[in-house]
Structure formats: structure tokens, C-alpha cells
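# Secondary and tertiary structure notes
The primary structure of each chain is shown beneath.
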Amino acid sequence: PFASEQMIQLYLELLLLSMLRRLNRKEKPDPSEKSTKKENDTILYQRILLYMKDHLHSQLTLDQICQANLVGKSQLQKLFQKEQHCGVIHYFSYLKIEEAKQMIRQEQSNFTEISDALGYTSIHYFFYERKSFISFLIKSFNDFMIFFWI
């Protein structure tokens with residue numbers, strides 16, 4: 001067609017000029033993209049928390065959490081550092097401690113049953129791994145003794 005080469009050349013020049021202008025301007029990212037990423041991170045974080053709470057009674061690894069939630073290790077770790085200021089497995093251990101505290105308060109299980117229910121291989125490992133759990137027991141016992149003597 002008539003003048004088609006000239007039209008192609010003009011469009012290429014326009015494309016190159018617009019690309020150069022963008023580079024020179026150093027455009028800021030669209031704020032809606034940031035809010036979308038935040039929303040996606042929030043949804044992902046909530047989904048992972050639900051998964052961890054549903055699997056409190058088993059031993060989870062970082063790989064299992066990643067595979068089940070279709071997320072990479074580094075992204076998962078960054079997300080938990082941002083939200084909880086700790087690692088994923090550390091937070092999972094915290095959830096287990098809270099569940100153990102709840103089970104003790106209900107007074108329906110002994111320590112062996114609690115450690116089995118939370119996926120620990122033995123009660124010894126349960127107590128070894130849970131120094132904060134033991135401190136909770138001591139504090140609870142002290143509170144009980146203070147209440148009892150008053």
C-alpha cells in the first residue's frame with residue numbers, strides 16, 4: 001500500500017520516543033498496583049494461618065506449607081517477618097503452645113495425650129521444645145498456690 005513504509009517508520013519512532021520519555025521520567029508505580037499486592041498478601045497470609053491452624057495436630061515443615069499454599073519459601077518468610085516479626089515455623093510453634101495451654105485449661109487431657117495430640121514424638125521432646133510452655137506451667141502453678149493460700 002501507498003506510504004506503508006513511512007507509516008511503520010513513524011510508529012516505530014513514536015514507540016521509541018515514548019519508551020525514552022518513560023525512562024527519563026522514571027515513572028512511579030501505579031498506586032492501585034501496590035494496594036492490589038497488599039490485598040493479595042493479606043489474603044495469602046490469612047489462608048496460610050488457616051492452614052497452620054488446621055494442621056496444629058501434625059508436624060509441618062516449611063516445604064509442606066509452601067506446597068499447600070502455592071507460595072515460595074522466600075515470599076512466605078518475608079510475609080511472616082512483615083506480619084509477625086518472626087519465622088514461619090516459630091509462629092507455628094507459638095500456635096501449638098497456645099493450643100496446649102488451651103488444652104491444659106480444659107483439664108480433659110494429661111501431658112502425654114496433649115503432646116500426642118499436637119504431633120510430638122514424645123512428651124520429652126514436647127517439654128524440651130517448649131521452654132515457654134514450662135514457664136506457663138510454673139506461672140499457673142504459682143497463681144494457683146497464691147489463690148489457694150489466700
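Heads up: the structure comes first, above all this text.
One structure accompanies this document, and this report is about it.

Quick look at the pattern of salt bridges now. Following the criterion strictly, the structure yields four salt bridges and no others. The partner of Lys37 in a salt bridge is Asp41, and the shortest N-O contact between them spans 3.2 Å. Taken together, the residues Lys37 and Asp41, both in helix α2 (residues 31-54) and four residues apart, mark about one turn of the helix. Taking the relative accessible area as the measure of exposure, Asp41 reaches 11% and is therefore buried. With its nearest N and O atoms 3.6 Å apart, the salt bridge here joins Lys82 to Asp41. Taken as a pair, Lys82 in helix α4 (residues 73-84) and Asp41 in helix α2 lie far apart in primary sequence, 41 residues in all. A cluster of three or more residues bridged by salt bridges with shared partners is formed by Lys37, Asp41 and Lys82.

Reading guide: rules and limits
- Residues numbered from 1 in each chain as written.
- Predicted model: local features only at pLDDT ≥ 70, side-chain atom pairs only at ≥ 80, totals over all residues.
- Heavy atoms only, no water.
- Salt bridge = Lys/Arg side-chain N within 4 Å of Asp/Glu carboxyl O.
- Helix = DSSP H or I, 4+ residues; strand = E, 2+ residues; numbered from the N terminus.
- Buried < 20%, exposed > 50% of the residue type's maximum accessible area, 1.4 Å probe, protein only.

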